[in-house]
Amino acid sequence: MFRRQALALGALAPFAAQAQTSDWPSQPVRLIVPFAAGGPTDIPARLVADEMGKNLANRIVVENRTGSGIIVGTDIVAKAPKDGLTVLYTTIGHAVVRALFPRVPFDPIADFAPVALVGKVPMVMMVNKDFPARTLPEFIALVRANPGKYDYASSGNGGAVHLATELFLHMAGGLRMNHIAFRGSAPAMPDLLAGRIPMLIDVAAGAIPIIQRGDLRPLAISTTERSALLPDVPTFIEGGVAGYEAYTWHMLMVPSGTPAPIIRAINAAANRALEVEALRNRLTEMTVEVVRGSTPDSAAAFLAQEIAKWEPVIAAAGIKVD
């Protein structure tokens, strides 16, 4: 009799699991953003959360949890219950945190389950308008002929802008430039505009308004194809840097071990939201190139590729963040 009861319970287990997850979310969801409120990650996160919440029984509440780069907010999600009620909205920092910081209280792969890739944000290489190189090939030739003579700016040590530039220098044949780190791209602009620093590779959202005013000269965009946002700007590949591609990106994750039906439910809610034209238009205005139809498997594969891509760049450049 006990054996029959056990078999019956085993047969019912899948239906019990479905009952537990079919009504996700049973409570309001915390969307943890490990960046400051009002920034270039927070605003898209809130737009996505608002649209996702329109089709859910409970709302999604965005919480900005900053500190030690992305570590504080990310660690909150790593240690959260595996119930789908705490979700991480993260960026390229997740792929490089292990290589940049000497001590990280979580494993960026083992402790997380990617849910959906929301979008990619391209970067643009700009130079002072009086700089003698007018094209990317001319820039490469000039720097190669004068190793160590020129500086480049970044938005901070170990950030996406810094990494994208180091990748360019490596892939362009081991060019040598001096890194000048600022506390963000905006503080670097006065030096770039004045010609004290000749070059910056910045995210497109910050670059486009300055380029459109004619204050800086764009040399290349970091996607594999030209962007509709800057159709006249060639890619790095067109400029002779074969295979170059760099961007920051936005992704939803949950703690590893979250039941698969919950992960699928969150993924479906995200993809429904990203099919709304008004949301896609808003994100496009913020230079986020929306990824439609992302799956948990494709998001996980993308994350693995990004880690494999950037960790060797960090090691070769000797980049560390204390």
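Here the structure is shown first, and the text comes after it.
Per-chain numbering applies: the sequence of each chain, read as written, is numbered from 1 onward. Given that this is a predicted model, residues contribute local features only at a pLDDT of at least 70 and side-chain atom pairs are listed and counted only at 80 or more, while totals for whole chains, interfaces and linings are drawn from all residues. Remark: hydrogens and water are excluded; side-chain values derive from all non-hydrogen atoms of the structure.

Trainee: Could you clarify how one ought to interpret the layout of surface pockets in this entry?
Mentor: Gaps left between atoms show up when a probe the size of a water molecule is rolled over them. Approximately 1200 Å³ is the volume attributed to the largest pocket. Of the grid points, spaced at 1 Å and generated over the protein atoms alone, those admitting a 1.4 Å probe that cannot get out make up cavities, while open sets with protein on both sides within 12 Å along at least five of seven lines make up pockets; any residue with an atom within 4 Å of a point is treated as lining. Lining the largest pocket are 45 residues; nearest its centre among them are Phe35, Thr91, Ser155, Gly159 and Ala160. Elements with a minimum of two residues in the lining of the largest pocket: helix 2 (42–53), helix 4 (93–100), helix 6 (160–171), strand 7 (199–203), helix 8 (204–212) and strand 9 (247–255). Here the lining of the largest pocket gets four residues from one element, more than from any other, and that element is helix 4. Polarity classes work like this: nonpolar for Ala, Val, Leu, Ile, Met, Phe, Trp, Tyr, Cys and Pro, charged for Asp, Glu, Lys and Arg, and polar for all others, with Gly in that last group. Here the residues of the lining of the largest pocket are counted per class, giving 21 nonpolar, 19 polar and five charged. Grid points are joined across faces, edges and corners, and a volume is the space filled by probe spheres set on the points. Here a strand is any run of E in DSSP of at least two residues, a helix any run of H or I of at least four, and the numbering for each starts at the N terminus.

Trainee: I'm lost on empty space enclosed by the protein in this one. Help?
Mentor: Applying the stated criterion across every chain yields a total of one cavity of 30 Å³ or more. The calculated volume of the largest cavity comes to roughly 30 Å³. Residue lining of the largest cavity: Trp24, Val29, Leu31, Met52, Ile60, Val87, Leu252 and Ile266, and that is the complete set. Split into classes, the residues belonging to the lining of the largest cavity amount to eight nonpolar, no polar and no charged.

Trainee: Would you explain the environment of alanine 37 in this entry?
Mentor: Along the polypeptide, alanine 37 turns up in the loop between strand 1 (29–33) and helix 2. Sequence separation between alanine 37 and methionine 177 is 140 residues; the distance between their C-alpha atoms is 33 Å. Note on contacts: a residue pair is in contact if any heavy atoms of the two residues lie within 4.5 Å. With sequence-adjacent residues up to four places away left out, alanine 37 is seen in contact with Asp42 and Asn64.

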